[in-house]
Amino acid sequence: MYFPIGWPKILQSVGATSGRPVKILRHRTRDLVVEVRENSLAFWHARLCILVASYSRSAECIEKHGTNTNAALKQDGSAVVIATSKGYLLFLRVLYEGPSSSGPSLAYFTREHGIVLQRTSSSECSEGTEMECVTLKYFNETAVVGGVQSLFCLGTQLVVATGYGVLHRLNWEGKFDVSLAIVLSQVPLANDLLPESRGQPLGEVEVKPKDVVYSPEMHGISLVLNDGRGVFISAKSAKYEPQSLQGVVMKDLSNAVCTAVNPRYRLLAFGKENGAVDVFGVDDTTGAWSLSHTLQFTRQQFPETGVRLGAVQCMEWSFGDRMVIAVSWRNGGLSLWSVFGALLLCSLGDQPGTPSPLNPHCTILESMCWSSDGYHLWMLPTEASWLKSRDSEGDLQPVFAGGSKRSSLSGTETDSSARSSQGEEPTKRRLGSAGSHRNGFQGDGKATVMVMRFLKNSIVNNPITANHEHLFLQGSDRLYLNTSKTVVARGNYGVGSAGPPPTNGMVSSPQWKVVQLPSSYLVLNWPVKYAAVNSSGTHVAVSGKAGFALYSGFKGKWKLFGNELQEQSLVCRGGLLWFREVVVFPCRVQEKYEEVRFYSLHSNLDNSQLLHTLKLTSPIVKLNLLGNHLLLGSRDCHMSIYSLNTTVVPSKGLVLSVSKLHELSLAQSLPHPWATSLIAMVPSTIRTEPGVSKESPRPIESVMLNVSGKLLMLQQDLPNPYAEQQEEWLFSFPVCLATSVEAMWTPPLPSRPHPPEEHLMESLWLACGATGIKVWLPLFPRDECHPSFLSKRIMLTLPVAVYPQAVLFHDAVLFGLSHETAFTDALSSSKHSFPFAIVERTTHIFLHHILRQLLRRNLGSHALQIARSCSHLPYFAHVLELMLHEVLEEEAPGAMPVPDALLPRVVEFIKQFPEFLETVGSCARKTEVALWQYLFAAVGNPRDLFELCISDDRLKTAATYLIIIQNLETATVSRQLATRLLDAALDNSQWELCKDLVRFLRAIGPCENVETPLHGGHHTPATPLKTPLAPPTSTPTTAVPPSPQAPDLDRSAMSVTRDHLSSGSTSSVVSFSGEYRDASGRVIRRPQFVMEVDSKEEYFMELILSRHARKLLMARCLRDLGRFAAHLDFNLQGWMGRERLRAARIDDFVATLRELHKQFQWPFPSGSYTASRASEESYRETQKDAKRIEHDNLSPGAESKSEATPLATPTFSPDPDSIPDSDTASVSSIKRSKRPPDLDLSPGKISTVLAPKKLQGLAVDAKGQGVEVGAQLEQSSQGDFDPTRSSTPTKHSGSISERVSLVNKNPSSVDLQVDASSLGDILEETDWDLGTDVSMATTPVGTRGPAQAEKEIRYFIEVALEASCMEWSVVLGLLLLDMSVVSRTMECARRQGGVDRSLLASIMQGIEDVYAWAESECPGYLKFLEALHPYMEQLKTLSQISPKTPVAPASEEPDQGVFLEDDSSGHSPPETAASPSTEDQNASVCTIS
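## Topic: the overall build of the protein chain
Move 1: On a plain count of helices and strands, the protein chain comes out with 36 helices and 65 strands.
Move 2: Of the contacts formed within the protein chain by residues at least 6 apart in sequence, a portion of 64% connects residues at least 24 apart.
Move 3: When the accessible surface of the protein chain is summed, it comes to about 60700 Å², and 50% of that surface belongs to carbon and sulfur atoms.

As structure tokens, this is what we get:
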């Protein structure tokens, strides 16, 4: 409807007018507004907000006749009459003279957004219509006996209501017509106009009118009597003779103070003493007036409004459309209501519908009126309001310039001497300020006028179907667009949305596109009257006083008439619309002919470019379009239907054909002519019997007529199967479907015969003011034997707290508009405290209201049909949740049981959809805990719902119920269910949920410290996931992880000291012992040990996480293990260190290697080798990282270089599918030994490609360069390769060339050999790593996988090396073909001083198995495996000196032996650990910090 925008504009007339404000009037024929004060009168220009003329009375005149109390303007605007306090009528003649070049140059100041500009009337006229000179001249006065209570115009006469209860009629010369005087006490009054209801006059009772309003359209007078009663007096004769009058009294109205008439909707509004407004409607058959609705704030909106506001001060219906009414009160405040009672604006608080205290600085309005354009509300603040206000930024002082054309400011005296005695110039014209967009702009002694600007919905003036499909506002000089094409492109409704995206782009487009009309069009045609948007929302047609203009949303340009004479000769009638690329423009041509013209979008706007012209005999009132059928409603109550078709002819271009199909007269069907009462005429495909004409649909099934708020339906008759000739376009008699209808929305033409939203696509939507939104919904029969007596449709009322602006039938949403208000602190010192208003679009889902209403009426089967047809919507689950939440909030708080509870039916309804569990859980989480008992009494036990979620793998939903159970059950139950859910989430790799569950388990434990990490806060390599991994540490931390097959701890056979765990102490020593059976049935004994834990809950979490980590590692799921550790802050390095002899063992190297290739998408190696450029870049990055590490190690307090420094590792890809496909990567996070700086691995220094059979190894020459050696190494004596020459001495004895190593499977086949026993010395003494050089120079072609995968593998290599998991480090080194990894593994084995013999044997056996597999299936591995022969020799040497039992390194606590009892990896435990003695068990006790 109407929406305010910005702040009201404040206008000041300094010195031109003075005194207390009395009234403000609208000029009927010109853009002028008349301001009346007790001592003066002023004329304002409505568009420019300029004071164009003023009249000030002299002191002698005021003393003689009294001050001004009322005023009236003649209908043609040629005269104005002023009523005084002493019973006089002063007549002034208003003269309008055209502008002249010798006229005055009148200057004034205007303040716009804080900038003061000086302008003149001549410059203003150059930008707009040439302003007329207005002259006011006094010409007569008349005394009225009894005083003047009210006055109004009745045709060419003036009617004056006196204090004696008489309505005198006189002409504008001041002469009374006594024969036509109306005595109110003699007018018969009745309750209706039926012949049998004979009215009785009041007789001797004293009757005085308080307020009188005349309506020429209704041919009646609305009065408020002195006793508070409301009366409407109508006449049977056109002359309004006293003997033909008949009065009807308003029922149950006793305290009225003022009245207003709405002829378009045939309503009477009466303001009352308590601040409410009663609106009465007339019964066309009896003539009785009954209460339609009441405009009053509820207690929820604004408490104590009746006491605080006072009586109604003034009311005013909007001009032209009569769609809204503005109401103000004696104690201040302004509100705006729709015609049938919907609250649109209120200045008392922030938002309508929200509890808010009354603003203590409400502006008190004496009078107000709507300007002729219908977009501005002019308000006159009272003296109590404007005298106390002052502008903090200074006053605007207007500047006056004299001229020959001036308005007369004379008083009642006519001689110039008398005028001079008044102290004012007899001919002086003043221009006031154009105002500013601020509140409180007022100084002492300055008269103030306020102007509030509004926006309208386009359906107010032009209710066509295309405008109903788009959100489209119009102002007096601009447009606000929010359509599907011009604002934003179509896109997905949202991330993660299910189902297809919405069909309209407005769903995801809350922004407005403001389009300013061109000034060249506004000069002569301001304001905008009609606007229409095409069906796609890309073009807009706008019409003002004359002609029209076209706007293209794609180009952002306007198209105007080239000939202004042609434009001014066309005046739009009834609206305009689009038919494809054609503008349908009904108009009055040269004030003589009525036509409908058709203009092409692609042609110039010119009469010579017309596509077609349709001649009419009567003016158009309304028009509309459905498909290619045009409906025209004329003033003579005829409705015509035309068919439109367009074709493209190569020689002529676009050709339009128009043919008349039918014409129907509705004069006998309507209660009164629709010239002023026809609100909308909408063709549709809706029938009272839905689905009857599905097989043979017709273009128009019915026509909806909104006549004065009553919705009438004209339906086409069904074809007669027995008739030989079928007559088309036979409409039945109009049927009234609803009353109090302000707007309606009909569905568009379906794109397919049977759309899925069949119910919504045949529904009718009505906006009914305070009643809400009504939906006329079809009820399709469920079977063929549907009873005929049951209704086929139902009218539902939806309590939507927003005024609808557009309905999207396919998406089941409606759009509304709200004005967001903002009060500032600067307004606290001002009485003009209107808020700053911003129009915002709101989106509302209505489907849950429809389903709820159907369920309440026991129409569950129809509700189920509608819900299933809309189940594809992305917000369908939210619809079910809203319905459940609203019913629960209404029924649960009641102390007494609900007789006919709706909640059980709603629950059974939601159970029909798979979103049931999510809906209940989400609703409970958003509801108060006090309502849960009522909710779960209907839906079931939350533990049962939790079990359903677990069984259906709805783990996130199960987490929702877990939080609910926490508030209903004990902590023990919550921990048990959370443990189960954590196990399930770990199995499903839902890491974020696992992280939340770990936090939940910590929160419900005795410690209550949610943020405490699960492990120690050591530095750790960065994980490839977004969350960092737990820091690596060589010290095991918490408890012994059991086997994956171990039962739950509460049911296990382990003997746990329950006294300590149940005591709730934060730290206790716990003893564990016992035995369990693995999957094969073998009994596994646990040696007794003691560990220090924070709490039982902490141990539970450690147990679960360690068990799942063991499960992933044994299944070779390395990537899942990395994500698991990253999300849950799991100390992967410490855990693998404890599991290095159990779960971290590898029993099948070949299967593990093949699985890693598949898991990391790493290609198998080929047979060719080349120097990889990526390896060279990786080496450069490694050198930078090595320098940084060296700098850190050399810093005070740093660890020795022999210690493994934790490095930052890459980030794990959260999904294997998301790994980027890249052949090169720079690995900058691997710790390597420094290598000689002169080692050149560029492609020019090393042979690019060698045959696999010729390659026997690689060596480093005396210059530090990598050299390929093979069968040709015998040529070294000829100078090609001399390893004995040394040019780079080192700090060690001898040169590097003397210690060069040749990696070869058969060292005896070459001259240069390095025995395996000296490899450890070389690694210890040299500053560079041989394995690094080999790996850098021997990267097979095509063997590099994605960069992300390489980062992850490098990370696991670091973790495995730090945890002494040598088998895994060797396998990962094989995967990358990186000799440095094998070298570092050997170095790790040597530094430990002794490694388990079985571990070394497993590594050697695994390499041999891989070699055997490579010979048969993957020969690309052979050359690299042959290069590992020296390391195999070293492994044999180390295995000879290694003990049979594990030896703990010096940096670790001697606690690893306690983990040997859990051999869940399938390896046979060492003999010493298989059956420990009692003494060994006692000696195995350790304490973990």
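Let us keep going from here.
## A few points about the packing of helix α30 (residues 1366-1376) against helix α31 (residues 1379-1391)
Between two packed helices, the angle of one axis relative to the other and the distance separating the axes together describe the packing.
Move 1: Two elements in contact, α30 and α31, have axes separated by 8 Å at closest approach and are oriented at 165°. Overall, the two elements α30 and α31 adopt an arrangement that is roughly antiparallel. Read as a crossing pair, α30 and α31 show a hand that is left-handed. Where α30 approaches α31, its residues Met1366, Ser1369, Val1370 and Gly1373 are matched on the opposing element by Val1381, Thr1385, Cys1388 and Ala1389.
Move 2: Across the contact of α30 with α31, the residue classes tally to five nonpolar, three polar and no charged.

## Topic: the packing of aromatic side chains
Move 1: The full count for this structure, using the stated rule, is 31 aromatic pairs.
Move 2: Ring geometry for Phe561 and Tyr599: centres 5.9 Å apart, planes at 85°, overall edge-to-face. In this pair, Phe561 sits in the loop between β39 (557-559) and α9 (564-568) while Tyr599 sits in strand β43 (residues 593-600), placing the two residues 38 residues apart along the sequence. Summarising the burial analysis for this pair, Phe561 and Tyr599 share the class buried.

## As for the pattern of salt bridges
Move 1: Inspection of the entire model under this criterion finds 39 salt bridges.
Move 2: Of the charged contacts, one joins Glu1426 and Lys1423 as a salt bridge, the two residues approaching to 3.9 Å between their closest N and O atoms. With a gap of three residues between them, Glu1426 and Lys1423 both fall in helix α33 (residues 1422-1426), about one helical turn apart. In this structure, Glu1426 and Lys1423 share a single accessibility class: buried.
Move 3: Overlapping salt bridges, with partners in common, bring together Arg687, Glu689, Arg698 and Glu701 in one network.

## A word on the nonpolar core
Move 1: Trp765, Ile850, Leu854, Phe909, Phe936, Phe1124 and Trp1368 are the most contacted members of the largest nonpolar core, which has 215 residues in total.
Move 2: The element that contributes the greatest number of residues to this core is helix α32 (residues 1397-1416), accounting for nine residues.
Move 3: Core analysis: the next-biggest nonpolar cluster, separate from the first, contains 34 residues, Trp578, Phe585, Leu625 and Val658 among them.

## Overview of the confidence of the model for the protein chain
Move 1: Within the protein chain, residue pLDDT values average 73, and 66% of them lie at 70 or more.
Move 2: In the predicted structure, residues 386-445 sits below a pLDDT of 50 and forms 187 contacts with residues beyond four places in sequence or in another chain.
Move 3: Within the model, the stretch residues 485-506 combines pLDDT values under 50 with 53 contacts to residues more than four positions away or in other chains.

## Re the sheet that holds strand β19 (residues 220-225)
Move 1: Read across the sheet, five strands follow the order β17-β21-β20-β19-β18 without closing on themselves; strand pairing throughout is mixed. Of all the strands in the sheet, the pair left with one neighbour each is β17 (189-190) and β18 (209-215).
Move 2: Pairing analysis gives five bridges linking β19 to strand β20 (residues 230-235), with the strands arranged antiparallel. Directly across from Ser222, in β20, lies its bridge partner Phe232.

## Things to note about the sheet that holds strand β50 (residues 702-707)
Move 1: The four strands are arranged β49-β50-β51-β52 in an open sheet whose pairing can be described as antiparallel. Across the chains shown, the open sheet's two edge strands, defined by having one partner strand only, are β49 (678-684) and β52 (735-738). Pairs of neighbouring strands in the sheet enclose a mean axial angle of 25°, with direction left out of account.
Move 2: Of the strand pairs in this sheet, strand β51 (residues 710-715) and β52 are connected by three bridges, and their pairing is antiparallel. Across the sheet, the residue bridging to Leu711 is Ala738, located in β52.

## Concerning the environment of Leu661
Move 1: Considering the arrangement of structural elements, one finds Leu661 in strand β48 (residues 653-665).
Move 2: Residue class for Leu661 comes out partly exposed when judged on its relative accessible area of 33%.
Move 3: Through-space distance from the C-alpha of Leu661 to that of Ile641 is 5.5 Å; in sequence the pair is 20 residues apart.
Move 4: Filtering out sequence-adjacent residues up to four positions away, Leu661 remains in contact with His629, Ile641, Tyr642, Ser643 and Trp729.

## Examining the packing of helix α15 (residues 916-925) against helix α16 (residues 932-939)
Move 1: Interaxial distance between α15 and α16 falls to 11 Å at its minimum, and their mutual angle equals 170°. In terms of orientation, α15 lies roughly antiparallel with respect to α16. Two secondary-structure elements touch here, α15 through Phe916, Val920 and Ala924 and α16 through Trp932, Leu935, Phe936 and Val939.
Move 2: Grouping the constituent residues of the contact of α15 with α16 by class yields seven nonpolar, no polar and no charged.

## Observations concerning the pairing of strand β36 (residues 530-533)
Within a regular strand, the side chains alternate between the two sheet faces.
Move 1: The alternating pattern of β36 places Tyr530 and Ala532 and Ala531 and Val533 on opposite faces, both of which are buried.
Move 2: Note that β36 and strand β37 (residues 539-543) share four bridges and pair antiparallel. Bridge pairing in β37 places Tyr530 opposite Ser543.
Move 3: Between the end of β36 and the start of β37, which pair antiparallel, lie five residues, with Gly537 showing a positive phi angle near 75°.

## Here's the deal with the environment of Ile10
Move 1: Position of Ile10 relative to the elements: it lies in strand β2 (residues 9-13).
Move 2: Through-space distance from the C-alpha of Ile10 to that of Cys49 is 9.6 Å; in sequence the pair is 39 residues apart.

## Considerations on the side chain of Ser640
Move 1: Turning to its location among the elements, Ser640 is positioned in strand β47 (residues 638-649).
Move 2: Exposure remark for Ser640: the relative accessible area of 9% places this residue in the buried category.
Move 3: Once residues lying within four places of it in the same chain are set aside, the contact partners of Ser640 are Leu630, Leu631, Leu632, Lys660, His662 and Glu663.

## A few points about unusual backbone geometry
Move 1: Note the cis peptide between Trp526 and Pro527, where omega equals 5°.
Move 2: Here Pro527 is to be found in the loop between α8 (519-525) and β36.
Move 3: Here Arg266, not a glycine, exhibits a phi torsion of approximately 55°, which is positive.
Move 4: Within the chain, Gln1161 stands out as a residue other than glycine whose phi angle is a positive 55°.
Move 5: Along the polypeptide, Gln1161 turns up in the loop between α25 (1149-1159) and β62 (1169-1170).

## As for α25
Move 1: All of the buried residues in α25 are Phe1149, Val1150, Thr1152, Leu1153, Leu1156, His1157 and Gln1159.
Move 2: Elements that come into contact with the buried residues of α25 comprise α23 (1118-1128), α30 and α32.
Move 3: If you check the start of α25, you find a side-chain oxygen 3.2 Å away from the backbone N of Val1150, and it comes from Asp1148.
Move 4: Just beyond α25, the residue with positive phi is Gln1161, at close to 55°.

## Thoughts on the side chain of Ser1402
Move 1: Mapped onto the elements of the fold, Ser1402 is located in helix α32.
Move 2: Ser1402 gets classed as buried once you look at its relative accessible area, which sits at 17%.
Move 3: Within the structure, the side chain of Ser1402 is placed 2.5 Å from the side chain of Glu1367, a separation counted as a polar contact.
Move 4: Ignoring anything within four residues of it in the chain, the contact list for Ser1402 reads Arg1145, Ile1146, Phe1149 and Glu1367.

## Some remarks on α30
Move 1: The element α30 is largely enclosed, with a buried count of eleven among its eleven residues.
Move 2: Inspection of α30 places Met1366, Glu1367, Trp1368, Ser1369, Val1370, Val1371, Leu1372, Gly1373, Leu1374, Leu1375 and Leu1376 among the buried residues, and these make up the whole buried set.
Move 3: Phi for Leu1377, located one or two positions after α30, is positive at around 55°.

Cut-off values and rules
Residues numbered from 1 in each chain as written. Predicted model: local features only at pLDDT ≥ 70, side-chain atom pairs only at ≥ 80, totals over all residues. Heavy atoms only, no water. Helix = DSSP H or I, 4+ residues; strand = E, 2+ residues; numbered from the N terminus. Contact = heavy atoms within 4.5 Å. Areas by Shrake-Rupley, 256 points an atom, 1.4 Å probe, with all protein chains shown as cover. Axes fitted to C-alpha atoms, helices over the stretch in contact; angles between N-to-C directions. Parallel < 35°, antiparallel > 145°, perpendicular 65-115°, else oblique. Left-handed = near helix turned anticlockwise from the far one by under 90°. Nonpolar A, V, L, I, M, F, W, Y, C, P; charged D, E, K, R; others polar. Phe/Tyr/Trp six-rings, centres within 6.5 Å; stacked < 30°, edge-to-face > 60°. Buried < 20%, exposed > 50% of the residue type's maximum accessible area, 1.4 Å probe, protein only. Salt bridge = Lys/Arg side-chain N within 4 Å of Asp/Glu carboxyl O. Core = buried A, V, L, I, M, F, W, Y, C linked by side-chain atoms within 4.5 Å. pLDDT = per-residue confidence, 0-100. Pairing = 2+ DSSP bridges. Polar contact = N/O pair within 3.5 Å; in protein donor to acceptor, adjacent residues only side chain to side chain.

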